[in-house]
Amino acid sequence: MVSLVRIRFSDRLVDSSTIRALTAAVRIFRRYHFNKSQTPKIPDPFASVQRTGRNIVAVFWDLDNKPPRSVSPFDAAIRLKKAAESFGAVRYKIAYANQHSFDYVPPEIKEHRRDRIKLNQLENKGVVKPVEPYICRVCGRKFYTNEKLINHFKQIHEREHQKRVSQIESAKGSQRVKLVGKYSMKMEKYNNAARDILTPKVGYGLGDELKRAGYCVSVVSNKPQAADVALRNHMVDMMDRRQMECLILVSDDSDFVEVIKEARLRCLKTVVVGDSNDGALKRVSDAAFSWEEIIMGKAKKEAVSVVGRWKDRDILKRLEWIYNYERERKLYGSCSEDDDQNDDLNAASNLVSDEVKTDQSRAWWKLESDSDSAASS
């Protein structure tokens, strides 16, 4: 564009590098000023949901009534999430339980822990040797007994983790934000390793595993029905705010029957996950699955036909037409000819009724002429 190396503007020399910078600035200005369609747009996070018309799904999990038993809590939560995604866009995943549910340890896990202790004792005596050495997932060191790996992890990595946590908690403001960003990778690496090496002090890590799967876990008091009341109030509150279009409830508790009925009255889709075949919840919901179907993935396949039936039902509702005289009269008004016809019909009906009243004085088989002749004689 510019062939000269040096140009004079108002008695000042301009270098070729400055000219190239000005040329680039002019090109950028022309591109984004005259071609508005090429300007970058801020992406809409819910554009895909709005474009495809998918339902907004909310999952409510009653952990007191339906805790994960056959598989690990993290695996069960992920499979439940995948099954829920077949009904629409899952935006809310909520779980409620009291403290007893988090302190409880299933018998299978207790037995596994006892077997692990016996195996550690045999490894320390040299009776049993591992096929492959135990590797620390934080530093990569190898150990030939599981107990040495645990001692190494507690003495070195656990202390380092505690120092990082205390350092973050003592900091404030921007300094705290910087420390969180600095130690985030190390803390995540420690948590992943501690999950397999260390035994939880309380329970079997139910709450932590569900949080890792993306669920919002709330702990309520140990009073009876405390979790049911809190879960019911949360569901009603979200229905009042119209934050969901499909409700998935994981429970067999019949106390939620009224909530499911209320959701259906508000035109929400309802799905119940439970093991009770003839439960009251399954009778009042739109669809029902067992926990085994969720784990095996069968519910995810059947959800396609369920969603298809919902779409057909919505289309039929939109096609329904009900005649409303008052509404039609307000929209289109009344025709004068119709009013005249209505007046004629009303006059004719009144005349007929008067004649019927006068004819009631004689028997139905006698003619009017007979009555007149009898009166003259």
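Calculation criteria
- Residues numbered from 1 in each chain as written.
- Predicted model: local features only at pLDDT ≥ 70, side-chain atom pairs only at ≥ 80, totals over all residues.
- Heavy atoms only, no water.
- Helix = DSSP H or I, 4+ residues; strand = E, 2+ residues; numbered from the N terminus.
- Buried < 20%, exposed > 50% of the residue type's maximum accessible area, 1.4 Å probe, protein only.
- Contact = heavy atoms within 4.5 Å.
- Patch = residues over 30% accessible without salt bridge, like charges linked within 9 Å, V, L, I, M, F, W, Y side chains within 5 Å.
- Areas by Shrake-Rupley, 256 points an atom, 1.4 Å probe, with all protein chains shown as cover.
- Salt bridge = Lys/Arg side-chain N within 4 Å of Asp/Glu carboxyl O.
- Pairing = 2+ DSSP bridges.
- Core = buried A, V, L, I, M, F, W, Y, C linked by side-chain atoms within 4.5 Å.
- Arc of directions from axis to C-beta.
- Axes fitted to C-alpha atoms, helices over the stretch in contact; angles between N-to-C directions.
- Parallel < 35°, antiparallel > 145°, perpendicular 65-115°, else oblique.
- Nonpolar A, V, L, I, M, F, W, Y, C, P; charged D, E, K, R; others polar.
- Phe/Tyr/Trp six-rings, centres within 6.5 Å; stacked < 30°, edge-to-face > 60°.
- Lys NZ or Arg CZ within 6 Å of the ring centre and 35° of its normal.

Enquirer: Describe the overall build of the protein chain, listing the residues and the values that go with them.
Expert: Helix and strand content of the protein chain: 16 helices and 10 strands. Taken over 377 residues, the protein chain has a buried fraction of 31%. Long-range contacts, defined as pairs at least 24 residues apart, comprise 61% of the intrachain contacts of the protein chain with a sequence gap of at least 6.

Enquirer: Account for a nonpolar patch on the surface, with residues named and values stated.
Expert: Nonpolar side chains collect at one region of the surface, where Ile315, Leu316 and Leu319 lie side by side and expose about 320 Å² of accessible area between them. Tracing the chain through its elements places Ile315 in helix 13 (residues 298–319).

Enquirer: So what's going on with the pairing of strand 9 (residues 269–273)? Residues and values would help.
Expert: In terms of residue burial, strand 9 counts as a mostly covered element, since five of its five residues are buried. On strand 9, burial covers both faces: Lys269, Val271 and Val273 on one face and Thr270 and Val272 on the other are all buried. Bridge count between strand 8 (residues 246–250) and strand 9: five bridges; the pairing is parallel. Note on strand 9: the bridge partner recorded for Cys246 is Lys269. For strand 9 and strand 10 (residues 287–289), the ladder comprises three bridges, and the chain directions are parallel. Bridge assignment links Val272 to a residue of strand 10, and that residue is Ala288.

Enquirer: For the nonpolar core, give the residues involved together with the corresponding values.
Expert: Inside soluble globular proteins, nonpolar side chains tend to come together where they are buried. Within the largest apolar cluster, 35 residues are counted, with the highest numbers of intra-cluster contacts made by Trp61, Phe87, Leu210 and Ile248. If sequence neighbours within four positions are ignored, Ile248 has contacts with Val57, Ala58, Val59, Phe60, Ala84, Phe87, Val271 and Val273. Grouped together as the second largest cluster of nonpolar side chains are 23 residues, Tyr96, Val257, Val272 and Val284 included.

Enquirer: Which residues make up the pattern of salt bridges, and what values do they have?
Expert: Evaluated as defined, the whole model comprises 13 salt bridges. Notably, a salt bridge pairs Glu160 with Arg164, separated by 3.7 Å at the nearest N-O pair. Linking Glu160 with Arg164, this pair stays in helix 6 (residues 146–170), spanning four residues, or about one helical turn. Exposure remark for Arg164: the relative accessible area of 14% places this residue in the buried category. Through salt bridges with shared partners, one network takes in Lys66, Asp252 and Asp275.

Enquirer: Describe the environment of Cys139, naming the residues involved and giving the relevant values.
Expert: Relative to the elements of secondary structure, Cys139 occurs in the loop between strand 5 (134–135) and strand 6 (142–143). Here Cys139 falls in the partly exposed class, since its relative accessible area comes to 40%. With residues up to four places along the chain from it excluded, the contact list for Cys139 reads His152 and His157.

Enquirer: Explain helix 10 (residues 257–265) residue by residue, including any values.
Expert: For helix 10, the full list of buried residues reads Val257, Val259, Ile260 and Ala263. Buried residues in helix 10, looked at end-on, bunch into an arc of 165°, giving them a common side. Seen from the buried face of helix 10, the exposed residues on the opposite side, beyond 90 degrees, are Glu258 and Leu265. Looking at the buried side of helix 10, the elements it contacts are helix 9 (226–240), strand 8, strand 9 and helix 11 (280–284). Positive phi shows up at Cys267, right after helix 10, with a value of about 65°.

Enquirer: Account for the packing of helix 9 against helix 10, naming residues and giving values.
Expert: Between helix 9 and helix 10, the shortest axis-to-axis distance is 11 Å and the interhelical angle comes to 10°. Looking at the two axes, helix 9 sits roughly parallel to helix 10. Residues Arg232, Met235 and Met239 of helix 9 touch helix 10, and the partners they reach there are Val259, Glu262 and Ala263. Here the residues of the contact of helix 9 with helix 10 sort into four nonpolar, no polar and two charged.

Enquirer: Let's hear about the environment of Val138: which residues, and what values?
Expert: As for its position among the elements, Val138 is in the loop between strand 5 and strand 6. In this structure the C-alpha to C-alpha distance between Val138 and Asn191, which are 53 residues apart in sequence, comes to 9.7 Å.

Enquirer: An account of the packing of aromatic side chains is requested, with residue identities and associated values reported.
Expert: Summed over the entire model, instances satisfying the criterion amount to five aromatic pairs. Measuring from centroid to centroid gives 5.6 Å for Trp61 and Trp291, while their planes differ by 45°, and the two rings are tilted. Pair noted here: Trp61 is in strand 3 (residues 56–62) and Trp291 is in helix 12 (residues 291–296), with a separation of 230 residues, a long-range link. Note on accessibility: Trp61 and Trp291 belong to one class, buried. Consider the rings of Phe87 and Phe289, whose centres lie 6.1 Å apart with planes at 55°: the pair is tilted. Placement of Phe87 in the loop between helix 3 (73–85) and strand 4 (89–98) and of Phe289 in strand 10 is noted, with a sequence separation of 202 residues between them. Residues Phe87 and Phe289 agree in their burial class; the two are buried. Across the ring face of Phe256, the terminal group of Arg232 is positioned such that the distance to the ring centre comes to 5.8 Å.

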